[in-house]
Amino acid sequence: MSGDLLKSYRFREERQGDWQKLDVILTRAENGGVKRLSDEDMLALPRLYRQAVSSLSVARSISLDQNVIAYLESLCTRAYFFVYGARTTVGERMMTFLRRDWPAAVRGAVWPTLLSALFFFGGWGLAFFLCLQDMDWYWTFHGQNFLEGRNPDATVEYLRSTIYTDGHGDGQLTAFSSFLFNNNAQIALFAFALGFAFGIPTAWLLVYNGVMIGSMYAVFWDKGLGYEFTGWLMIHGVTELFAIVLAGAAGFIIGGAVAFPGGQTRLASARAAGQKAATIAMGCVVMLIIAALLEGFGRQLINSDIVRYMIAAGTGVLWMLYFYMPRRERRP
Amino acid sequence: MTQTAAPRTQRPGISIEAATQRRARMAEEMRQSKLIRRLITPEGAAIRLKLATAGERAGAFLIDVAIQWVIVIATLFGLTFLIGALTPGSANIAFAFWLVFFFFVRNFYYIFFEIGQRAATPGKRALGLRVAARDGGRLTANSVLARNFIREIEVGLPFQFAMMGGDGANGWMALLGLVWSGVFLLFPIFNKDKMRVGDLIAGTWVIRSPKTKLMHDITSAAKSPDASSRFNFTTAQADAYGIHELHVLEDVLRQSTPEIKHQVAERIRAKIGWTKQTGETDLAFLEAYYGALRRRLEQRMLLGERKADKFDVR
């Protein structure tokens, strides 16, 4: 009777056991990760995968059973992505990110970082000097946002009281600092994403945020609180502002790659830049979390200017070392 | 397999409706084949990847947004419940943690799922989609980060401009911003790879990767000795249809109601001039004819002749 069977049916009959074995292994791996696979499974996988792939190309030319072909297509696609997919765990990825990828990406982006710093501190300086000459500029920049009364009309005593805390109601300030984290992290991601439009909105965002801080700085400076305010701002500001500048740099990397692809195609250039820039943007989120912790806890617990300055300088040195210290290339 | 040009002139034996239907079918096949990308594996075999349509992408996104909202609202409810039992100080701290949690749900929901083994969020999984690197290589964590951080300008920006509203100059600014940012939102519709801006930056695309079940072979059922002696189709009878009809017949056999099977069996009998014998069921007839037709078409395919459909006279 077997001579009467279709060739394509016999073909399938002989191989479907292996296809199903592969299917079971893949389903297990997709549901529970690589760890759920036994050694036998891992050894069998490459053979089963190659067999399925060759079955697919044979089946395409001899079989008209569309279910078999659709099944093999989906099986091979799943197997391909598993066999050639990333096998690292989330923990390993985080470690390589912290140890290698992130500092390397920042180190490779010195010029965009300087450009970004230029826009941010340019906006800062512009607003600062304009406000010192004529405090009306403050209202132009801030409009009707009162920032808890930190405006030119406030008294020196009031402004001083905003810089130091007396230890009461710190829960509220923690909530406020996590709100600021949300805000800043969202701005950082925006600065990255807007880079796609040739970096122009990123530049504007940087200048705008520089102006906001610079004008507030001028208010405190004008009242003779420059030294104290710097401590208040910089205890977390070193980390936070560095993060904002780096986020801007990430935006400029993308903008530059899209606008001036050089010898590559625009797509390839955008892709290469996107990978680098995304690493930096992810790092910004990490930095902003640290900044929020410094702001939420450090600033409220520490009321001494000297200690604040020391922490500010310490974080600055640590970030610089972490990013720019030359390190030995470790070849895997 | 797909013919590039539908027949313009009417052939003898093809009615006008049949020709129109055939043209529509071929146009649809053309449209579908535009979404197919060939990936050559390192073993040298070709895998056909089918890109997800913009509609499927939007559907998956809506499911994900709904899940995000459910998470946010549920935790907020839990929090308000909890706050009643807390002192104001610790309530504030709880709220602070919730705000950070909100940020992570908003920005890292997609990253968390796409970085995993399936490379798909629950919404994508529900529609059988997954993210893949465009060059066929490994989907790196950086790509996943890049494509999802960009989401902020594709969805967040138009939303913010739409919320801005206002009247007079502000309204016009908002409208201008909405149009400008709308370009990002609608980007996937206007490129042949259905990439959104994030895909473009990250070097990824979204493909269909549905799980298909292997079903039994229909010809295995028709192989009882009784059936093979009862149904003896001539070559002319087996040549009446082509591959398209074979696939339709496969679908009919696998998933349709007895009434439809009866109608199909009647049409085939009329077309090939088969007289119904006593005790012959529709199902047995269809399975036997499917077997004969597939055997004939596969034989011809081995010789390099693909008879695309019944109008394909070779």
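Procedures and definitions
Residues numbered from 1 in each chain as written. Chains lettered and ligands numbered in written order. Predicted model: local features only at pLDDT ≥ 70, side-chain atom pairs only at ≥ 80, totals over all residues. Heavy atoms only, no water. Helix = DSSP H or I, 4+ residues; strand = E, 2+ residues; numbered from the N terminus. Buried < 20%, exposed > 50% of the residue type's maximum accessible area, 1.4 Å probe, protein only. 1 Å grid on protein atoms, 1.4 Å probe; cavity = no way out; pocket = protein on both sides within 12 Å on 5 of 7 lines; lining within 4 Å. Points joined across faces, edges and corners; volume = space filled by probe spheres on them. Expected span 1.5 Å × (residues − 1). Arc of directions from axis to C-beta. Contact = heavy atoms within 4.5 Å. Buried area = accessible area lost by both parts, 1.4 Å probe. Salt bridge = Lys/Arg side-chain N within 4 Å of Asp/Glu carboxyl O. Polar contact = N/O pair within 3.5 Å; in protein donor to acceptor, adjacent residues only side chain to side chain. Nonpolar A, V, L, I, M, F, W, Y, C, P; charged D, E, K, R; others polar. Phe/Tyr/Trp six-rings, centres within 6.5 Å; stacked < 30°, edge-to-face > 60°. Lys NZ or Arg CZ within 6 Å of the ring centre and 35° of its normal. Core = buried A, V, L, I, M, F, W, Y, C linked by side-chain atoms within 4.5 Å. Pairing = 2+ DSSP bridges. Axes fitted to C-alpha atoms, helices over the stretch in contact; angles between N-to-C directions. pLDDT = per-residue confidence, 0-100. Parallel < 35°, antiparallel > 145°, perpendicular 65-115°, else oblique.

*Asks:* Tell me what's going on with the environment of leucine 321 of chain A, and back it up with residues and numbers.
*Replies:* Residues and elements named next belong to chain A. Within the element layout of this structure, leucine 321 appears in helix 12 (residues 305-324). For leucine 321, a relative accessible area of 43% puts it in the partly exposed group. The spacing of leucine 321 and arginine 10 is 311 residues in sequence and 67 Å in space, taken between C-alpha atoms.

*Asks:* So what's going on with empty space enclosed by the protein? Which residues, and what values?
*Replies:* Evaluated as defined, the whole model comprises one cavity of 30 Å³ or more. For the largest cavity, the calculated volume is near 40 Å³. Around the largest cavity, the lining residues are Glu30, Arg78, Phe81 and Phe82 of chain A together with Gln117, Arg118 and Arg130 of chain B.

*Asks:* A description of helix 13 (residues 258-272) of chain B should follow, citing residues and the corresponding values.
*Replies:* Residues and elements named next belong to chain B. For helix 13, with 15 residues, the first-to-last C-alpha span of 21 Å sits near the 21 Å given by 1.5 Å per residue. Looking only at helix 13, the buried set comprises Lys261, Ala265, Ile268, Arg269 and Ile272. Here the buried residues of helix 13 occupy an arc of 100° about the axis, which is enough to place them on one side. The exposed set on the far side of helix 13, more than 90 degrees from its buried face, consists of Glu259, Gln263, Arg267 and Ala270. The inward-facing, buried residues of helix 13 contact helix 11 (235-238), helix 12 (243-255) and helix 14 (282-302).

*Asks:* Which residues make up the interface of chain B and chain A, and what values do they have?
*Replies:* Contacts between the two partners involve 82 residues from chain B and, on the opposite side, 75 residues from chain A. Summing both partners gives a buried area of about 6,900 Å² for chain B against chain A, and 63% of it is carried by carbon and sulfur. Joining chain B to chain A, the criterion identifies three salt bridges. The residue arginine 254 of chain B makes a salt bridge to aspartate 65 of chain A at a minimum N-O spacing of 3.1 Å. Counting across the chain B and chain A interface gives 26 residue pairs in polar contact (both at pLDDT 80 or more). The element contributing the most residues to the side of chain B that touches chain A is helix 3 (residues 88-114) of chain B, with 13 residues. For the side of chain B that touches chain A, the per-class residue count stands at 42 nonpolar, 20 polar and 20 charged.

*Asks:* Tell me about the packing of aromatic side chains, residues and numbers included.
*Replies:* One pass over the full model with this rule turns up 51 aromatic pairs over all chains. Aromatic side chains phenylalanine 120 of chain A and tryptophan 124 of chain A sit 6.2 Å apart centroid to centroid with 75° between the ring planes, which places their arrangement in the edge-to-face category. You can see phenylalanine 120 of chain A and its partner tryptophan 124 of chain A sitting in helix 5 (residues 110-133), four residues apart, about one turn around the helix. A centroid spacing of 5.4 Å and a plane angle of 20° characterise the contact between tryptophan 204 of chain A and tyrosine 208 of chain A, whose relative ring orientation is stacked. Taken together, the residues tryptophan 204 of chain A and tyrosine 208 of chain A, both in helix 9 (residues 200-222) and four residues apart, mark about one turn of the helix. Owing to a relative accessible area of 38%, tyrosine 208 of chain A belongs among the partly exposed residues under this scheme. Aromatic ring contacts, followed pair by pair, group Phe120, Phe121, Trp124, Phe128, Phe129, Tyr217, Phe220, Trp221, Phe229 and Trp232 of chain A into a single cluster. Above the ring of phenylalanine 285 of chain B, the side-chain terminus of arginine 269 of chain B is found at 4.5 Å from the ring centroid.

*Asks:* Break down the pattern of salt bridges for me, with residues and values.
*Replies:* This model, assessed by the stated rule, comprises 32 salt bridges over all chains. One salt bridge in this structure joins aspartate 65 of chain A and arginine 12 of chain A, with 3.9 Å as the shortest N-O distance. Taken together, the residues aspartate 65 of chain A in the loop between helix 2 (39-62) and helix 3 (66-83) and arginine 12 of chain A in helix 1 (residues 7-32) connect sequence positions 53 residues apart. Comparing aspartate 65 of chain A with arginine 12 of chain A, the two get one shared label, buried. For arginine 31 of chain B, the salt bridge goes to glutamate 28 of chain B, with nearest N and O atoms at 3.4 Å. Here arginine 31 of chain B and its partner glutamate 28 of chain B are both found in helix 1 (residues 16-33), three residues apart, which amounts to about one turn of the helix.

*Asks:* I'd like to hear about the nonpolar core, residue by residue, with values.
*Replies:* Counting residues in each nonpolar core, the largest one holds 94 residues, and the members touching the most others are Phe192, Phe196 and Ile280 of chain A together with Phe149, Ile153 and Ile201 of chain B. Tallying contributions element by element places helix 10 (residues 226-259) of chain A first for this core, with 16 residues. Not counting residues up to four positions away in its chain, the partners in contact with phenylalanine 192 of chain A are Ala247, Ala250, Gly251, Ile254, Ala277, Ala278 and Ala281 of chain A together with Ala146, Phe149 and Ile150 of chain B.

*Asks:* An account of the side chain of aspartate 217 of chain B is requested, with residue identities and associated values reported.
*Replies:* Turning to its location among the elements, aspartate 217 of chain B is positioned in the loop between strand 4 (204-208) and helix 9 (218-221). A polar contact is formed between the side chain of aspartate 217 of chain B and the side chain of arginine 294 of chain B, at a distance of 3.3 Å. Leaving out residues up to four positions away in the same chain, aspartate 217 of chain B has contacts with Tyr9, Arg12 and Asp65 of chain A together with Arg294 of chain B.

*Asks:* Describe the sheet that holds strand 1 (residues 36-40) of chain B, and please don't skip the residues or the numbers.
*Replies:* Residue and element names in this part refer to chain B. As summarised here, the arrangement of the four strands in space is 1-2-4-3, forming an open sheet in which the pairing is antiparallel. Strands with a single pairing partner mark the edges of an open sheet, and in this sheet they are strand 1 and strand 3 (129-133). Between one strand axis and the next, the sheet turns through 50° on average, direction left out of account. Sheet topology places strand 2 (residues 46-51) next to strand 4; two bridges connect them, and they run antiparallel. Each bridged residue has a counterpart across the sheet, and for lysine 50 the counterpart in strand 4 is arginine 208.

*Asks:* Describe the environment of lysine 35 of chain A, and please don't skip the residues or the numbers.
*Replies:* Relative to the helices and strands, lysine 35 of chain A is located in the loop between helix 1 and helix 2. Spatially, the C-alpha atoms of lysine 35 of chain A and leucine 205 of chain A are 45 Å apart, while their sequence positions differ by 170 residues.

*Asks:* Can you tell me about the pairing of strand 4 of chain B, naming the residues and giving the values?
*Replies:* Residue and element names in this part refer to chain B. With four of its five residues buried, strand 4 lies for the most part within the structure. Relative to strand 4, strand 3 is paired through five bridges, and the arrangement is antiparallel. Bridging from a neighbouring strand, alanine 132 pairs with tryptophan 205 of strand 4.

*Asks:* Break down the confidence of the model for chain B for me, citing the residues and quoting the values.
*Replies:* Residue and element names in this part refer to chain B. Per-residue confidence for chain B averages 84 on the pLDDT scale, and 92% of its residues sit at or above 70. Low pLDDT, under 50, characterises residues 1-8; the predicted model gives this stretch 11 contacts beyond four residues in sequence or across chains. Interface confidence for the predicted complex, expressed as ipTM, amounts to 0.83; the pTM equals 0.82.

*Asks:* Please give an account of the environment of alanine 291 of chain A that cites residues and values.
*Replies:* Take alanine 291 of chain A: it is sitting in helix 11 (residues 266-301). Once you skip the residues sitting within four places of it in the chain, alanine 291 of chain A turns out to touch His236, Thr239 and Glu240 of chain A.

*Asks:* Kindly report on the packing of helix 10 of chain A against helix 11 of chain A, identifying the contributing residues and their values.
*Replies:* Residues and elements named next belong to chain A. Interaxial distance between helix 10 and helix 11 falls to 8 Å at its minimum, and their mutual angle equals 170°. By the angle class used here, helix 10 and helix 11 are roughly antiparallel. Here the residues of the contact of helix 10 with helix 11 sort into 23 nonpolar, five polar and four charged.

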